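Analysis of the macromolecular model
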Amino acid sequence: MPENEPRKTPPLKGVHLLLDLRSIIAALFGIYGTVLTVLGAPGASAADLRKTGGWNVNLWCGLAMLAFAASFAAWTLLRPLREPVEEAVRDTPEPAPAPAA
């Protein structure tokens, strides 16, 4: 393998995947998005529609949160964390001391 190519390391699995911040964000947005979608699915009352300009805020925000959660989950699965690779310290010769005059 040439020296200038980065080494490929296997992706981390298990607890590391669960503790990845992207997984936590996806889970939280997924939970909140599910709650809002369930609350907004039956429809909003006429008073709620008047307050929001005629659109069902719970339903649309819930669906947007679910889409956001799905994008974060896909990002986590498609680009998993990898163990950091320590760069090999190259053995470079030290410069010779200057001759004393």
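On a predicted model such as this, the values are computed, not experimentally measured, just so you know.

Definitions and limits used
- Residues numbered from 1 in each chain as written.
- Predicted model: local features only at pLDDT ≥ 70, side-chain atom pairs only at ≥ 80, totals over all residues.
- Heavy atoms only, no water.
- Phe/Tyr/Trp six-rings, centres within 6.5 Å; stacked < 30°, edge-to-face > 60°.
- Helix = DSSP H or I, 4+ residues; strand = E, 2+ residues; numbered from the N terminus.
- Buried < 20%, exposed > 50% of the residue type's maximum accessible area, 1.4 Å probe, protein only.
- Lys NZ or Arg CZ within 6 Å of the ring centre and 35° of its normal.

Moving on to the packing of aromatic side chains. Summed over all chains, the structure comprises 3 aromatic pairs. Ring geometry for Phe 72 and Trp 75: centres 5.4 Å apart, planes at 75°, overall edge-to-face. Of this pair, Phe 72 and Trp 75 both sit in helix H4 (residues 57-78), 3 residues apart, which is roughly one turn of that helix. Judged by relative accessible area, which is 14%, Phe 72 ranks as buried. Judged by its relative accessible area of 43%, Trp 75 falls in the partly exposed class. These aromatic residues form a ring-pair network of at least three members: Phe 29, Phe 68, Phe 72 and Trp 75. Taking NZ or CZ as reference, Arg 22 lies 4.9 Å from the ring centre of Trp 75, over its face.

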